[in-house]
Amino acid sequence: MSIDQPDTDFRVSVAEIGVDGGSLQLATDSMRARYREDPRAQKLIRTTEPLRYDFRHFTFISRQIRKGHRLRLVIGPLNSLFWQKNYNSGGVVAVESMRDARPVTVRLFHDETHPSALYVPLGQPVT
């Protein structure tokens, strides 16, 4: 992914998609871009080149995926009343206000040069 501002927040989710098209959310994770390499050391975005983002804190539960069902990965903005508002300026988020707000454009790269992967732990089916 690449972004055109120094910082933004991402939310990713994994859903099970049934043969009828219905979906059931299975797990979510979120990340502030400035902490993409280390949760204790911020590193603002200084390029529009693709950067790697590893989401490793999904709250997966045990679930058997039925035959014919699929998994869907959704990547989007973190919009929540329960999270600190990030105005994408790269400043100190705790003191930013609407005056600091910047729009952000996120580009997701998924091709031979920039492969993406979703690793799902597999267990044994219940008999």
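To start, this report covers the structure provided alongside it. (Residues numbered from 1 in each chain as written. Predicted model: local features only at pLDDT ≥ 70, side-chain atom pairs only at ≥ 80, totals over all residues. Heavy atoms only, no water.)

**With respect to the pairing of strand β3 (residues 23–32)**
Here is step 1: Sheet topology note: the strand β2 (residues 9–17)/β3 ladder contains 9 bridges and is antiparallel. Residue pairing across strands places Ala 15 opposite Gln 25, the latter belonging to β3.
Here is step 2: Taking the residues that link successive antiparallel strands as the turn, the β2-β3 hairpin has 5 residues, and the phi of Gly 21 there is positive, at about 90°. (Pairing = 2+ DSSP bridges. Helix = DSSP H or I, 4+ residues; strand = E, 2+ residues; numbered from the N terminus.)

**Points about the nonpolar core**
Here is step 1: By size, the foremost hydrophobic cluster in this structure holds 12 residues: Met 1, Ile 3, Phe 10, Val 12, Val 14, Ala 27, Met 31, Ala 33, Ile 45, Tyr 53, Phe 55 and Phe 58.
Here is step 2: Of all the secondary structure elements, the ones that give two or more residues to this core are β2 and β3.
Here is step 3: Per-element tally for this core: the top contributor is β2, with 3 residues. (Core = buried A, V, L, I, M, F, W, Y, C linked by side-chain atoms within 4.5 Å. Buried < 20%, exposed > 50% of the residue type's maximum accessible area, 1.4 Å probe, protein only.)

**Description of a nonpolar patch on the surface**
Here is step 1: A cluster of nonpolar side chains, contributed by Phe 60, Ile 65, Leu 71, Leu 73, Ile 75, Leu 108, Leu 118, Val 120 and Leu 122, occupies part of the molecular surface with about 750 Å² of accessible area.
Here is step 2: Looking at the secondary structure, you find Leu 122 in the segment after β5 (106–107). (Patch = residues over 30% accessible without salt bridge, like charges linked within 9 Å, V, L, I, M, F, W, Y side chains within 5 Å. Areas by Shrake-Rupley, 256 points an atom, 1.4 Å probe, with all protein chains shown as cover. Salt bridge = Lys/Arg side-chain N within 4 Å of Asp/Glu carboxyl O.)

**Quick word on the pairing of β2**
Here is step 1: In terms of residue burial, β2 counts as a mostly covered element, since 8 of its 9 residues are buried.
Here is step 2: Note: β2 against strand β4 (residues 70–77), 8 bridges, orientation antiparallel. Looking at β4, one finds that Glu 16 is bridged to Leu 71.

**Quick look at the side chain of Ser 2**
Here is step 1: Assignment of secondary structure puts Ser 2 in strand β1 (residues 2–3).
Here is step 2: A distance of 3.3 Å separates a polar atom in the side chain of Ser 2 from the backbone oxygen of Thr 48.
Here is step 3: Once you skip the residues sitting within four places of it in the chain, Ser 2 turns out to touch Thr 48, Glu 49, Pro 50, Thr 105, Val 106, Arg 107 and Phe 109. (Polar contact = N/O pair within 3.5 Å; in protein donor to acceptor, adjacent residues only side chain to side chain. Contact = heavy atoms within 4.5 Å.)

**Overview of the layout of surface pockets**
Here is step 1: The space that makes up the largest pocket amounts to roughly 820 Å³.
Here is step 2: Looking at the largest pocket, it is lined by 22 residues, and the ones nearest its centre are Tyr 53, Asp 54, Phe 55, Ser 116 and Ala 117.
Here is step 3: Per-class residue counts for the lining of the largest pocket are 16 nonpolar, 3 polar and 3 charged. (1 Å grid on protein atoms, 1.4 Å probe; cavity = no way out; pocket = protein on both sides within 12 Å on 5 of 7 lines; lining within 4 Å. Points joined across faces, edges and corners; volume = space filled by probe spheres on them. Nonpolar A, V, L, I, M, F, W, Y, C, P; charged D, E, K, R; others polar.)

**Points about unusual backbone geometry**
Here is step 1: In this structure, Asn 88 is a non-glycine residue whose phi angle is positive, near 65°.
Here is step 2: Relative to the helices and strands, Asn 88 resides in the loop between β4 and β5.
Here is step 3: The buried category is assigned to Asn 88, whose relative accessible area is 9%.

**Description of the sheet that holds β3**
Here is step 1: Read across the open sheet, the 3 strands follow the order β3-β2-β4; overall the sheet is antiparallel. Looking at which strands have only one partner, the edges of the open sheet turn out to be β3 and β4. Strand after strand, the sheet turns through a mean of 20° between neighbouring axes, direction not considered. (Axes fitted to C-alpha atoms, helices over the stretch in contact; angles between N-to-C directions.)

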